[in-house]
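Residue strings, one per chain:
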Amino acid sequence: MTNQTRLASTDELESIFQRELVSDRWAATETAYALAVRHRDLGNWPASREWVQQCLRLLEGFPSETEEQVATSRPSVGGVQLPTYLHSGVVQARFGDLS
């Protein structure tokens, strides 16, 4: 991450999530993942767990048989790096006990 990249606050990310949830559920799923990462990095485990579970719930609505179906649409959200592929296995591997 470069010095120019400012991390979005969790409030900013939640606002983005709410907008995306009605217009682009995949983008909302990516933002939920970013929120889980931000809260974890801030040491807010309960909130991180909530966002991990939200991300997993949203992922259930998407097919995941091919790499194209699970490829993220952007490299980062609000300064939080996204994985190349986003599916329940990735989320569980990254968050372990929180998932």
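Whatever comes next refers back to the structure up there.
A brief look at the structure comes next. Keep in mind it's a predicted model, so treat the numbers as computed, not measured.

### Some words on the packing of helix H2 (residues 25–41) against helix H3 (residues 45–59)
Next up, step 1: Interaxial distance between H2 and H3 falls to 8 Å at its minimum, and their mutual angle equals 160 degrees. Between H2 and H3, the crossing angle belongs to the class labelled roughly antiparallel. Crossing geometry of H2 relative to H3 is assigned as left-handed. Between H2 and H3, the contacting residues are Arg25, Trp26, Ala28, Thr29, Ala32, Tyr33, Leu35, Ala36, His39 and Arg40 on the first element and Trp45, Ala47, Ser48, Trp51, Val52, Gln54, Cys55, Leu58 and Leu59 on the second.
Next up, step 2: For the contact of H2 with H3, the residue count by class is 13 nonpolar, 4 polar and 2 charged.

### Focus on the side chain of Glu30
Next up, step 1: Among the secondary structure elements, Glu30 is positioned in helix H2.
Next up, step 2: Note on Glu30: relative accessible area 0%, which makes it buried.
Next up, step 3: At a separation of 2.9 Å, a polar atom in the side chain of Glu30 contacts the side chain of Trp26.
Next up, step 4: Within the local environment of Glu30, its side chain forms a polar contact with the backbone nitrogen of Ser73, the two atoms lying 2.6 Å apart.
Next up, step 5: Non-local contacts of Glu30, meaning those with residues more than four positions away in its chain, are made with Thr72, Ser73, Arg74, Val77, Leu82 and Leu86.

### Observations concerning the nonpolar core
Next up, step 1: By size, the foremost hydrophobic cluster in this structure holds 24 residues, and its most contacted members are Tyr33, Val91 and Phe95.
Next up, step 2: Within the residue set of this core, elements represented by two or more residues are helix H1 (10–23), H2, H3 and helix H5 (88–95).
Next up, step 3: With 8 residues, H2 is the single largest residue contributor to this core.

### Side note on the packing of aromatic side chains
Next up, step 1: The full count for this structure, using the stated rule, is 3 aromatic pairs.
Next up, step 2: When the ring of Phe17 is compared with that of Trp51, the centres are 4.8 Å apart and the planes differ by 80 degrees; the resulting orientation is edge-to-face. Here Trp51 lies in helix H3 and Phe17 lies in helix H1, a separation of 34 residues in the sequence.
Next up, step 3: With relative accessibility at 3%, the residue Phe17 sits in the buried group.
Next up, step 4: Look at Trp26 and Phe62: their rings are 5.0 Å apart centre to centre, the planes differ by 85 degrees, and that puts the pair in the edge-to-face class. Taken together, the residues span a long stretch of sequence, with Trp26 in helix H2 and Phe62 in the loop between H3 and helix H4 (67–70) at a distance of 36 residues.
Next up, step 5: For Trp26, a relative accessible area of 13% gives the class buried.

### So, H1
Next up, step 1: Across its 14 residues, H1 extends 20 Å between first and last C-alpha, which sits within 8% of the 20 Å expected from 1.5 Å per residue.
Next up, step 2: Of all the residues in H1, the buried ones are Thr10, Leu13, Phe17 and Glu20. What you see down the axis of H1 is that its buried residues fit within an arc of 85 degrees, all on one side. More than 90 degrees from the buried face of H1, the exposed residues found are Asp11, Arg19, Val22 and Ser23.

About the criteria used
- Residues numbered from 1 in each chain as written.
- Predicted model: local features only at pLDDT ≥ 70, side-chain atom pairs only at ≥ 80, totals over all residues.
- Heavy atoms only, no water.
- Axes fitted to C-alpha atoms, helices over the stretch in contact; angles between N-to-C directions.
- Helix = DSSP H or I, 4+ residues; strand = E, 2+ residues; numbered from the N terminus.
- Parallel < 35°, antiparallel > 145°, perpendicular 65-115°, else oblique.
- Left-handed = near helix turned anticlockwise from the far one by under 90°.
- Contact = heavy atoms within 4.5 Å.
- Nonpolar A, V, L, I, M, F, W, Y, C, P; charged D, E, K, R; others polar.
- Buried < 20%, exposed > 50% of the residue type's maximum accessible area, 1.4 Å probe, protein only.
- Polar contact = N/O pair within 3.5 Å; in protein donor to acceptor, adjacent residues only side chain to side chain.
- Core = buried A, V, L, I, M, F, W, Y, C linked by side-chain atoms within 4.5 Å.
- Phe/Tyr/Trp six-rings, centres within 6.5 Å; stacked < 30°, edge-to-face > 60°.
- Expected span 1.5 Å × (residues − 1).
- Arc of directions from axis to C-beta.

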